[in-house]
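What the coordinates show
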Amino acid sequence: MPGLMNRWLLPMVREPEPVQQKSARQLAARERMSASTSFMAYFLQALVLYGHVAEPLLWGWLALVMASEAANCVLAMRLGRHTNDPVQRRRSVRWLVLGLFCAGSSWGLTSLMPGLHAQTQLYMFNVLFLVVVGVISVHNLCLSWPALIAFNTGLMWPLVLAGVIYPMELPVALLAAVAGELLMVKIYGRTTRYLFLQSMRAHLATETLAEQLRQKNDDLTEALSVIAEMADLDPLTHCLNRRAMMRHLQEPVRHQRFGTCFGVVLLDIDHFKQINDSLGHGVGDQVLVAVADCLRGHLRAQDCLARWGGEEFICLLADMDGNTVKAMAERLRRALANTAILPPPAELRVTASFGLALCRPGYPLDAVIDQADQAMYRAKHGGRNRVEV
């Protein structure tokens, strides 16, 4: 029996694991729905048979069908909980196949009820009713060929046995009904299952492609963000570069971030060329990084720092008047002068010359930066390591 079940389940196992999981979930959901709504059909069948068969037998059959359908509902729920575990899923499908065979058999047992075979028209109606039930089961069970065959075999074997036990006036019609039902189930079931599986494969492929596309878009967005950041930052000091600072200085942006009145501080490292010539460009790079770190550490979050070019830096000080701008510049000058660029024993220290200007509403920005530049050169010519306005 296990070997036979494995051969029956083989077509489902050949599918990729995601398709198997989705098929099992669909099978469980459909069987739950079928088992919970089939009472309308077997109560209708009982209503048709009422008065033509013994009542105790009819009530016993009704109880048997209800119990088998309830059991299948529980088995379908169990399958739904184990769709992601291949071993538990296969075991649950086997139990559901067995439960469906029992449910089909309980439906088909009406064919063996004493006295029914003597009423030809009623008996043929009963046969037609079972054929319809079998055809409807194709939609619910087509995702599992073993389940579909098991249920319909359970439906039909009582009919075949009834044709052997009871003399029938229409044995050819009965056999034709059984053969026709099984043939329809085979053809329609295989075709429907193929179409459902094709749809599932296409849906899963679409989901996979969509996920890959989302991942690619995320990677592209991240790459563009990194590129944009790299384009805005000076690669050595990780300050804004001149182009990014000019964008910050555009009219709408600067008033939103820096207010209507803000300070512009332009500074140039003193004797930087001598440091490069005597100690090398590597030390010169260390000096630039250390100066940027020192300035950044003493600026506020709303302020802005950029490498303006070479050894020059520019600071934009938000919402400040002339006195506070000069006080901030003095604080930056002292902090820089007291910072050791190289560790002991070298303890290289550098200074810078600062030029200040205040940007007020209506002042051209180029003129303000020009004023700061001229003030910086006055600081250079006035002895360096000083602040000029």
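Residues numbered from 1 in each chain as written. Predicted model: local features only at pLDDT ≥ 70, side-chain atom pairs only at ≥ 80, totals over all residues. Heavy atoms only, no water.

**Here we look at the overall build of the protein chain**
Per the secondary structure count, the protein chain includes 14 helices and 5 strands. Among the 389 residues that make up the protein chain, the fraction classed as buried is 44%. Counting only contacts in the protein chain whose residues sit at least 6 apart along the sequence, the fraction spanning at least 24 positions is 71%. For the protein chain, the exposed area adds up to about 19,800 Å²; of that, 63% sits on carbon and sulfur atoms. (Helix = DSSP H or I, 4+ residues; strand = E, 2+ residues; numbered from the N terminus. Buried < 20%, exposed > 50% of the residue type's maximum accessible area, 1.4 Å probe, protein only. Contact = heavy atoms within 4.5 Å. Areas by Shrake-Rupley, 256 points an atom, 1.4 Å probe, with all protein chains shown as cover.)

**Considerations on the pattern of salt bridges**
Inspection of every chain in the model, using the stated rule, returns 11 salt bridges. The shortest N-O distance in the salt bridge between Glu330 and Arg334 comes to 4.0 Å. Linking Glu330 with Arg334, this pair stays in helix H13 (residues 322–337), spanning 4 residues, or about one helical turn. By relative accessible area, Arg334 is classed as partly exposed at 43%. (Salt bridge = Lys/Arg side-chain N within 4 Å of Asp/Glu carboxyl O.)

**What to know about the packing of aromatic side chains**
Under the defined criterion, the tally for this structure stands at 3 aromatic pairs. Aromatic side chains Tyr42 and Phe43 sit 5.6 Å apart centroid to centroid with 35° between the ring planes, which places their arrangement in the tilted category. Classification of Tyr42 as buried rests on a relative accessible area of 5%. The exposure class assigned to Phe43 is partly exposed, which follows from its relative accessible area of 39%. With centroids separated by 6.4 Å and ring planes inclined at 40°, the aromatic side chains of Phe125 and Phe129 adopt a geometry described as tilted. Placement of both Phe125 and Phe129 in helix H6 (residues 120–141) is noted, with a separation of 4 residues, approximately one turn of the helix. (Phe/Tyr/Trp six-rings, centres within 6.5 Å; stacked < 30°, edge-to-face > 60°.)

**Looking at unusual backbone geometry**
With a phi angle near 50°, Asp319 is a residue other than glycine that sits in the positive phi range. Assignment of secondary structure puts Asp319 in the loop between strand E3 (312–317) and H13. For Asp319, a relative accessible area of 58% corresponds to the exposed category. Backbone geometry at Arg384 places phi at a positive 65°, although glycine is not the residue there. Relative to the helices and strands, Arg384 is located in the loop between helix H14 (365–381) and strand E5 (387–388). With relative accessibility at 35%, the residue Arg384 sits in the partly exposed group.

**Focus on the side chain of Gln45**
As for its placement among the helices and strands, Gln45 is situated in helix H3 (residues 39–49). Residue Gln45 is classed as buried on the basis of its relative accessible area, which comes to 2%. Reaching out from Gln45, the side chain makes a polar contact with the side chain of Asn126 at a distance of 2.8 Å. With near-sequence residues (within four places) excluded, Gln45 lies in contact with Trp61, Trp107, Thr110, Asn126, Phe129 and Leu130. (Polar contact = N/O pair within 3.5 Å; in protein donor to acceptor, adjacent residues only side chain to side chain.)

**Concerning the confidence of the model for the protein chain**
Residues with a pLDDT of 70 or more make up 88% of the protein chain, whose mean pLDDT is 83. Counting interchain partners and residues more than four positions distant, the pLDDT-below-50 stretch residues 1–13 has 19 contacts. (pLDDT = per-residue confidence, 0-100.)

**Notes on the packing of H3 against helix H4 (residues 55–81)**
Where H3 contacts H4, the two axes come as close as 11 Å, and the packing angle between them is 170°. The orientation of H3 relative to H4 falls into the category roughly antiparallel. Along its contact with H3, which presents Tyr42, Phe43, Gln45, Ala46 and Leu49, the element H4 presents Leu58, Trp61, Leu62, Val65, Met66 and Glu69. Grouping the constituent residues of the contact of H3 with H4 by class yields 9 nonpolar, 1 polar and 1 charged. (Axes fitted to C-alpha atoms, helices over the stretch in contact; angles between N-to-C directions. Parallel < 35°, antiparallel > 145°, perpendicular 65-115°, else oblique. Nonpolar A, V, L, I, M, F, W, Y, C, P; charged D, E, K, R; others polar.)

**Comments concerning the environment of Tyr363**
The residue Tyr363 is located in the loop between strand E4 (352–359) and H14 in this model. Sequence-wise, Tyr363 and Cys261 are 102 residues apart; in three dimensions their C-alpha atoms are separated by 10.0 Å.

**Regarding the packing of helix H5 (residues 86–108) against H6**
Where H5 meets H6, the axes come as close as 11 Å, and the angle between the chain directions of the two elements is 160°. Of the possible angle classes, the one that applies to H5 and H6 is roughly antiparallel. Where H5 crosses over H6, the handedness of that crossing is right-handed. Contacts between H5 and H6 involve Leu100, Trp107 and Gly108 from the former and Phe129, Leu130, Val133 and Leu141 from the latter. Here the residues of the contact of H5 with H6 are counted per class, giving 6 nonpolar, 1 polar and no charged. (Left-handed = near helix turned anticlockwise from the far one by under 90°.)

**Digging into the sheet that holds strand E2 (residues 304–309)**
Strand order in this open sheet of 5 strands is E2-E3-E1-E4-E5, and the pairing throughout is mixed. Whereas interior strands pair on both sides, the edge strands pair on one side only; in this sheet they are E2 and E5. The sheet contact formed by E2 and E3 spans 5 bridges and is antiparallel. Bridge pairing links Cys304 to Leu316 in E3. Where H14 meets the sheet, its contacts fall on strand E1 (262–269), E2, E3, E4 and E5, and the angle it forms with E4 comes to roughly 150°. (Pairing = 2+ DSSP bridges.)

**So, helix H7 (residues 145–165)**
Its 21 residues place the ends of H7 30 Å apart at the C-alpha level, agreeing with the 30 Å of an ideal helix rising 1.5 Å per residue. If you look at H7, its biggest bend is around 25°, right at Gly154, and the proline Pro158 turns up within four residues after that. (Expected span 1.5 Å × (residues − 1). Bend = angle between axes of the 7 residues up to and from the residue.)

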